[in-house]
Amino acid sequence: MIAGGKPYIIKGVCYNPVPAGQNFDFDWWSDKSKPWLADGELMRQMGVNTIRLYQSHEDLNEVRLVIRELYEKFGIRTVIGDWLGFWEYPCPFYGDKAFQDKVKKNVLEMVVALKDEPGVLFWVMGNENNYSCLGHVNPWSSDEIDKEPDAQKQKAMRAKIYYSFVNDIAKEIHKIDPNHPVALGNGELVGLEFAKDYCPDIDIVACIIYRGKTFGNLFKSLKMTYDRPVFIAEFGADAYDVFAGKEDQNMQAFFLESQWRQIYANLYNNKSGEGNCIGGSVFEWADEWWKHNPSDSEAWKAHDTEGGWTNGSYYYDIKVEGGKNMNEEWFGIVALSEQMEQGTNKRIPRKAYYVIREFWKNPYLALKKKGNKK
Amino acid sequence: MKSTRLALVLFIGTLNFTLCLSAQAEDSSVALSKKIMDSQCDASIYPVLEEAASPYFKDHKYNEYSEYINSLLKQKKDACPVLNYNAALARFNQLKYLEESQGWDEYFAQGNDYRDQIVSNLAKAIEGTPAGDTLNIRSRLLLWQFHRDQQDVFNEEALNDLIAGVTEYAKSAQDTALIKEVADKIAAYGEKGRSKEIYRIYVEKLTGADVKPEDLKQAALNFYKEGNLDLSESVFDAYIDKLLNSPEKERSVPEFLEIAALFSYKDTGNKDMPYAEKIFALIESVGGKEALGEEQIYLRAFNLEKSKDWPGAKDAYAELIERYPESKYAQRATFKLGVIYTYILRDKDGGSNYFVKLAEKDNISPEGISSLYQLGLLNQWQGESAKAKAYYSKLIEKAQGKFSETQSLTNSRLKEIEEGKPLDSKLQVFLDNSLKEENSQFNMSRASLSLNPYSANMGSEVAVNSSAISGASGCMQVELQYLWSGDLGGSSPQSAQANFNTSYKDPGTKVINLLVLVPSGTLDRALDFVDIE
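Residues numbered from 1 in each chain as written. Chains lettered and ligands numbered in written order. Predicted model: local features only at pLDDT ≥ 70, side-chain atom pairs only at ≥ 80, totals over all residues.

So, on to the overall build of chain A. Of regular secondary structure, chain A possesses eleven helices and 14 strands. Radius of gyration (C-alpha) of chain A: 20 Å, near the 21 Å computed for a compact globule of 374 residues. The dimensions of chain A, computed from C-alpha atoms along their principal axes, are 55 × 50 × 45 Å. Across chain A, every contact between residues at least 6 apart in sequence was considered, and the portion connecting residues at least 24 apart equals 73%. (Helix = DSSP H or I, 4+ residues; strand = E, 2+ residues; numbered from the N terminus. Rg over C-alpha atoms; globule rule 2.2 N^0.38 Å. Contact = placed C-beta atoms within 7 Å.)

Structure, rendered in structure tokens:
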């Protein structure tokens, strides 16, 4: 990938600086303490060159300011996304033309407003919206789909509608902004066999991958299914061992270093890998204390230790009763302190912060050291 | 003697020391240094070294201790393995301490130097000691722990070196405690397969030609009581080999039965159901089918049932009722066969035969009553309302006011029939998914139940837990619905509940059914038994 006329490896973090005691509704864009400034400095020291934002804000001037300040003060670029209405109540009606038009209008307004900001790297459409095509999460339908008795055919019909819609948006973005690529945010490789047919105008595949300490055969599989430059848009490990009932910074750092090693091994021109990766953005910069119980404002003030979802690839705590081993509030590479500093929660870098910093300083030496015996 | 003393010193050296560093102790360090320098790096140095290390380790003054040891090493020209080992141990503990205290600045600024020192000092300690020396093994162990903690590419190589070292050590060592200690340490790191290699060496040492079988058995029982089942099983295997190689191996069957019972499923205590089944199979091969009596066949069947080895459980229960038709377990076994055939193996006719056998008995038993209910239910599900009503009516008549929970279910079913209403929806979907051919993909592989306890008294609490593996959903937890049916006792779990607690008023085998739904339809089903005494 080329940015600013130079080869660019995305050394990114997913960014959503919600302070303890607040939830996803918190308008951090207009926070007078400007948390991105303190974070930007810590990120710069670490070597972060990109943040990933999941969604812009209704006041696009505020969004522009954040992107500009991060870029001008710290040299940090922004990958900016849109949820494509995934969290709209009661569900994302991708089969409904009016719903599609509304979502598309919002996306294009964002592109028009921000396309000339030097800090913008590219656009990401959706996140894990593809899982809704399977009918397990945020399920949606249409009259035509409802008439189809075969569940597998129903999934294919949903996938066709969804991916065609994303491609339609990508085409429109390219017309307005020919200078920035458009990425498809996709959970795992699920549904990409449909994207191959219905998303010819997508430039980058931005995958959300939680496979534990490696990405397995991901890079090779993507070449076979949907051959695009790969941005690992979300990956990581939580820093809480719910089975042992205590924080485990070592395991988080170990997983993250292992994941970054694989990203680097698959960068362009690296003969040891597939050469189709352009970098990644680790989930996430800072802990978010609201995530385990989004509807309980009292719970946002506490750092919950109960697991929220299940992933056996994070083997160290999968034995916990019920199997919910993933602690959504503990994915930060910096922790939040209850102590305030510069108007927001003080950041406490975890071991992973330092491990990745050291890796980025000389990734090729690290790769050689890990890959070869003395 | 040398090995024993060294083991003692080094064991203490790995602990957090409890003495306080005081000015007086600092003064005495000069005297200690002199003692160390005057020593020949033999056993006499160990207690002195221990005394010297204690105050530093207690206060996490690893840098100062390292400087101290390094100054001694310089004077000894590095030719003192135990000093090298202690230098490495200090850095190893220091890295651990920095991780625990999150001293990341020092950890990342100096960590690589410390790691290099650990590797270099341990290499010298290993090179400077013969293969059969205790310090040689401890150095290899520490080196492997270091690489294992680092999760680096040398981990496997270091482990192989350690195992090779222990193998060599075992050839001449009289003291087996170190071998077990190494195996325990490897097991504690989760390397079960590799720890078994060391346990095997340990067992071989224990089972030398002169060891008595009864001592072996006692050792195995002790490890069982400690909860070290891997080691217990290894020693029991050696004990079994000894018995099998004895001239009267048939006489060993009672011993094997005892071992099988020890590891069989029980609600509390140590158990290893596959190992128990392995011993049951061995008993059968040594003594034939007759070697297992009524109690043992039931135990085997129950063990297989709790392992969810349904075909195995089915065969064992069938053998029980064939060989011991009058067994006190016969009715329970017959009822379970009915349920296993019907709902798990999807053989409704095969299962109904067992229910009919019980239903036709003159005596009134919990299983007979439950069988009448099952026959009524299966007929009701098939739309045979008259037949269903006949079974339900017979149940009411035979129950004579007892078995209130089953009667209550029966009254609900009868009411449905009399009012021309459909079968309860939760039961209906469970039966549809369990019995209809087109739903054979719901084979209980993505949903399961576990109960605690599996054998309970009337009125006591039973915890019912479910687990389900839903399809791909990324970081989003799929919203699951749990449709509970069957014998739910005093509880009425809602569809959002993955778990619930209940209790039962009446004795007998209770059947708990679960159907798990995802937003797009059925995920899978599950079924389990609880025996109420």
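Having seen the model, we can carry on.
Take the interface of chain B and chain A next. Across the boundary between the two partners, chain B contributes 21 residues, which contact 24 residues of chain A. For the side of chain B that touches chain A, the class distribution of residues is ten nonpolar, nine polar and two charged. (Nonpolar A, V, L, I, M, F, W, Y, C, P; charged D, E, K, R; others polar.)

Residue and element names in this part refer to chain B. With respect to topology, four strands assemble into an open sheet ordered β2-β7-β6-β4, the strand pairing being mixed. Only two strands of the sheet have a single partner each, and these edge strands are β2 (455–456) and β4 (481–486). Bridge analysis of β2 against strand β7 (residues 521–532) gives two bridges, and the strand direction is parallel. Within β7, the position partnered with A456 by the bridge is I532. (Pairing = 2+ DSSP bridges.)

So, about the packing of helix α6 (residues 104–127) of chain B against helix α7 (residues 134–150) of chain B. Residues and elements named next belong to chain B. Here α6 crosses α7 at 155°, and the two axes come no closer than 9 Å. Here α6 is positioned roughly antiparallel relative to α7, judged by the angle of their axes. Between α6 and α7 lies a crossing of left-handed hand. Facing I118, L122, A125 and I126 of α6, the residues of α7 in contact are L135, N136, S139, R140, L142, L143 and F146. Per-class residue counts for the contact of α6 with α7 are eight nonpolar, two polar and one charged. (Axes fitted to C-alpha atoms, helices over the stretch in contact; angles between N-to-C directions. Parallel < 35°, antiparallel > 145°, perpendicular 65-115°, else oblique. Left-handed = near helix turned anticlockwise from the far one by under 90°.)

Before going further, it helps to examine the sheet that holds strand β5 (residues 499–502) of chain B. All names here are of chain B. Strand order in this open sheet of three strands is β1-β3-β5, and the pairing throughout is antiparallel. Looking at the sheet topology across the chains shown, the edges are occupied by β1 (447–452) and β5. Averaged over all neighbouring strand pairs, the angle between strand axes comes to 20°, with direction disregarded. Bridge analysis of β1 against strand β3 (residues 462–468) gives six bridges, and the strand direction is antiparallel. Looking across to β3, one finds that S450 is bridged to N465.

A few words on unusual backbone geometry. Residue and element names in this part refer to chain A. A cis geometry characterises the amide bond from Y89 onward to P90, with omega recorded as 0°. Its identity as a non-glycine residue notwithstanding, E188 has a phi of 50°, on the positive side. Looking at the secondary structure, you find E188 in the loop between β7 (182–187) and α7 (192–198). Residue E188 is classed as partly exposed on the basis of its C-beta count, with 19 C-beta atoms lying within 10 Å. (Buried ≥ 20, exposed ≤ 12 C-beta atoms within 10 Å, placed from the backbone.)

All names here are of chain B. A rise of 1.5 Å per residue sets the reference length of helix α20 (residues 385–399), with its 15 residues, at 21 Å; its end C-alpha atoms lie 21 Å apart and thus fit the reference within 8%. Every buried residue of α20 is accounted for by A388, Y391, Y392, L395 and A399. Buried residues of α20 fall within an arc of 95° about the axis and therefore sit on the same side. Turned more than 90 degrees away from the buried face of α20 sit A386 and E397, all of them exposed. Packing partners of the buried residues in α20 comprise α19 (366–381) and α21 (404–418). Immediately beyond the C-terminal end of α20, within one or two residues, lies Q400, with a positive phi of roughly 50°. (Expected span 1.5 Å × (residues − 1). Arc of directions from axis to C-beta.)

A separate point is the nonpolar core. Counting 253 residues, the largest nonpolar core has A183(A) and V235(B) as the members making the most contacts within it. Top element by residues in this core is helix α5 (residues 81–100) of chain B. It accounts for ten residues. Leave out the neighbours within four places in its chain, and V235(B) touches V203(B), L206(B), L216(B), A219(B), A220(B) and F223(B). (Core = buried A, V, L, I, M, F, W, Y, C linked by C-beta atoms within 7 Å.)

Residues and elements named next belong to chain A. Counted at 1.5 Å a residue, the expected span for helix α1 (residues 35–46) with its twelve residues is 16 Å, and the 17 Å between its end C-alpha atoms agrees. Of the residues making up α1, those classed as buried are P35, W36, D39, G40, M43 and M46. The buried residues of α1 occupy an angular sector of 120° when the element is viewed end-on, so they sit on one face. The secondary structure elements touched by the buried residues of α1 are β3 (10–14), α2 (60–74), β14 (344–349) and α10 (351–361). Remark: G47 follows α1 within two positions and exhibits a positive phi of approximately 115°.

All names here are of chain B. At a closest axis distance of 10 Å, the pairing of helix α4 (residues 62–75) and α5 adopts a crossing angle of 165°. As summarised for this structure, α4 and α5 are arranged roughly antiparallel, according to the angle between their axes. Helix-helix and strand crossings are classified by hand; for α4 and α5 the assignment is left-handed. Contacts between α4 and α5 involve Y62, Y65, S66, I69, N70, L72 and L73 from the first element and L83, N84, N86, A87, A90, R91, N93 and Q94 from the second.

As a further point, take the confidence of the model for chain B. Residues and elements named next belong to chain B. Looking at chain B as a whole, the pLDDT averages 89, with 93% of positions reaching at least 70. Mean pLDDT across the secondary structure elements of chain B bottoms out at helix α1 (residues 2–14), with 38, and peaks at helix α15 (residues 294–306), with 98. Of the regions scoring below 50 in pLDDT, residues 1–23 engages in 39 contacts with residues more than four places distant in sequence or in other chains. In the predicted complex, the global pTM is 0.79; the interface-specific ipTM is 0.74. (pLDDT = per-residue confidence, 0-100.)

Moving on, we come to the environment of N121(B). All names here are of chain B. Considering the arrangement of structural elements, one finds N121 in helix α6. You can call N121 buried: it has 29 C-beta atoms within 10 Å. The spatial distance from the C-alpha of N121 to the C-alpha of Y85 is 6.3 Å, given a sequence separation of 36 residues. Those residues in contact with N121, other than ones at most four positions away along the chain, are N84, A87 and A88.

Attention now moves to the pairing of strand β5 (residues 77–82) of chain A. Residue and element names in this part refer to chain A. For β5, the tally of buried residues reaches six of six residues, placing the bulk of the element in the interior. Neither face of β5 is open: one carries R77, V79 and G81, the other T78, I80 and D82, and all of them are buried. Relative to strand β6 (residues 120–125), β5 runs parallel, the two being bridged by five bridges. Within β6, the residue paired with D82 across the bridge is M125. Note on the crossover from β5 through helix α3 (residues 97–114) to β6: the handedness is right-handed. (Right-handed = clockwise from strand over helix to strand, strands pointing away.)

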